[in-house]
Each structure stands twice: as C-alpha cells, then as structure tokens.
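Observations on the model geometry
Given next are the chains, with one letter for each unit.
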Amino acid sequence: MSPIKRLSRAEVRSVDQRTIEEFGLPGVALMENAGRGVFELLLSLKVTGPVKICAGKGNNGGDGFVIARHLDNAGIPVQIFLLADPEHLTGDAAINYQVASRMGIPIQSDPVLSDPDALRTFLSDADWIVDAFLGTGVQGTIRPPFTTAIQIVNQAAGNKLAVDLPSGLDCDTGLSLGDCIIAAQTATFVAEKKGFAIPESKQFTGAVHVVDIGAPRQIITELLQKQTS
Ligand SMILES: NC(=O)C1=CN([C@@H]2O[C@H](COP(=O)(O)OP(=O)(O)OC[C@H]3O[C@@H](n4cnc5c(N)ncnc54)[C@H](O)[C@@H]3O)[C@@H](O)[C@H]2O)[C@H](O)CC1
Ligand SMILES: [K+]
C-alpha cells in the first residue's frame, strides 16, 4: 500500500495560494468543493438533522456556511452559530455567509460568547455538530472565547465532525493547542495533515476522510516530490 500522503500546515496553505494565484481558480470555488465534500460525507454518515454548524471568522467558518447551504438544499434541518461578528467576515467566507443568510438559514452570532448557555442550548438537540470554528489559520495556544466554545462543544451530546482539522489541533505536531475539539469524524482538505501521523492525534480527529477540493494535481505532486527529495 503506498504511504499516506501528508502535508504540513505551510504546504497545504500554499496549495490554496498557488491554485488561486498561479492557476487562476477563484478561492470560492475551492471553498465550494470543500463544503460540498463535507456535505457528501455527512450524507454517507446518514445525517438526519438537525445539524448544528459552529462557525468561526475565517475560511474554516466559510466552509461551514457552504455545508449549511447544501444541507438546507437537501431539506436537512441546519442552523449556524457564528463566533464572530458577521460584519467582520471577509472574502469567500463573507460571500457564503451572505448566501446562507439570504436563504433564511437560522444564524445566531455571539462574537465574544457573552452567553455560553445560548451555545449549550443551540447544541442540545443536535444530530451532528460541525466544527467549523478554526482550521489551518490557527497559530499558538487557543484564545478565548474559543477555549470556552470548544469545551462546550465537547460537552454536548451530538456526533462531532471537524472541518479540515479539529479546532485546537496543531496540524503539524498532532497535539492539542490547549483546548481541542474531540471529533468522531474529520473531513480534511487536499491531503492528510502531517500531525495526523502522530497516534495521539487520533483522540481528536476520529476517523479521517480526505476531501479533494479540485486543486491542480501538479501542485500536490510537486510538494510530495519535494518531501522525498
Ligand atoms: N487549500 C485548502 O486547504 C483550503 C482551505 N480552506 C479552509 O480555510 C481554512 C483556513 O482559513 P483561514 O481563514 O486561513 O483561517 P481559519 O479559518 O483556520 O482561522 C482564522 C481565524 O482564527 C483566528 N485564530 C488564529 N489563531 C488563533 C488562536 N490561537 N486562538 C483563537 N483564534 C485564533 C484568527 O484570528 C482568524 O480569525 C482551512 O482550514 C480550510 O477549512 C478553504 O475553504 C478551501 C481551500
Ligand atoms: K475545524
């Protein structure tokens, strides 16, 4: 069996950048493929809903908005909790927030988690909880209010699916950055992350699924060849 392809945080973020800058594919197309891939994984996991999307301020949250749109289109009940101010969303995440909002998908936002009980209530009837708080943009120890939000998600009963990586996992070391989502399933984009090779990461990732987001294969091949050279 060929060795599992794994990329570092810097490598996988370069895939995004090179796809957009060298090949000209808009980032929102990558986000669409990412979100669609997670939606299809949820279907394969026999999701019935309600699905609760926990979204952050960056493109990991943006993936969450795409996932919500496809679930809503499929008639599966879905709601979004945004741990950010919608006004502060930018780029592809802002685009997909706007679409989800205009579709009437219920969205509650609380940028500083002023009401933790509202998040507990939001999660209390979840079939699946989708962790779209933080992805490869994380650096350093997890900061409030994500520390409390991650703890509340971990205490909730629903099945957890992490988008790209469990929020709070260092994708290069495979270790927790203080607080980390404990997921049953992780849908990771482009390739497994370097840290997933560390056995300790399994307690956070659960079962890992690689989602192809349509980045040109040359970029990934070059990165993997550099690793072996
Ligand atoms: N090629 C790909 O893999 C694609 C990935 N996509 C998704 O994009 C995210 C990465 O998005 P980015 O906007 O760069 O960052 P995040 O959303 O992960 O987080 C940014 C957010 O987090 C805050 N933050 C940073 N460090 C900390 C910390 N220690 N504690 C708390 N908060 C922190 C920061 O302020 C930002 O607000 C990737 O994971 C994928 O999900 C694309 O959608 C498709 C292509
Ligand atoms: K995540």
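Residues numbered from 1 in each chain as written. Chains lettered and ligands numbered in written order. Predicted model: local features only at pLDDT ≥ 70, side-chain atom pairs only at ≥ 80, totals over all residues. Heavy atoms only, no water.

In the annotation of an unreviewed UniProt entry, the entry for the protein chain reads NAD(P)H-hydrate epimerase, and the organism field reads Gimesia alba. Taken directly from UniProt, the Function (unreviewed entry) text for the protein chain runs: "Catalyzes the epimerization of the S- and R-forms of NAD(P)HX, a damaged form of NAD(P)H that is a result of enzymatic or heat-dependent hydration. This is a prerequisite for the S-specific NAD(P)H-hydrate dehydratase to allow the repair of both epimers of NAD(P)HX." Recorded in UniProt under Sequence similarities (unreviewed entry), the annotation for the protein chain is "Belongs to the NnrE/AIBP family." (UniProt positions renumbered as here; feature names shortened; annotations may be inferred.)

Around ligand 1 lies a shell of 24 residues, among which Asn60, Asp63, Gly135, Gly137 and Asp164 are the nearest. At 2.9 Å, a backbone N or O of asparagine 59 approaches an oxygen atom of ligand 1. Calculation on ligand 1 without its partners gives an accessible area of 880 Å², and the protein chains cover 87% of this total. Considering only residue class, the shell around ligand 1 consists of 9 nonpolar, 9 polar and 6 charged. (Near = heavy atom within 4 Å. Polar contact = N/O pair within 3.5 Å; in protein donor to acceptor, adjacent residues only side chain to side chain. Areas by Shrake-Rupley, 256 points an atom, 1.4 Å probe, with all protein chains shown as cover. Nonpolar A, V, L, I, M, F, W, Y, C, P; charged D, E, K, R; others polar.)

For the rest of this paragraph, the subject is helix 3 (residues 59-73). With 15 residues, helix 3 extends 21 Å between its outermost C-alpha atoms, agreeing within 8% with the 21 Å of an ideal straight helix rising 1.5 Å per residue. Counted residue by residue, helix 3 has 12 buried out of 15 residues, so it is predominantly covered. Immediately beyond the C-terminal end of helix 3, within one or two residues, lies glycine 75, with a positive phi of roughly 80 degrees. (Helix = DSSP H or I, 4+ residues; strand = E, 2+ residues; numbered from the N terminus. Expected span 1.5 Å × (residues − 1). Buried < 20%, exposed > 50% of the residue type's maximum accessible area, 1.4 Å probe, protein only.)

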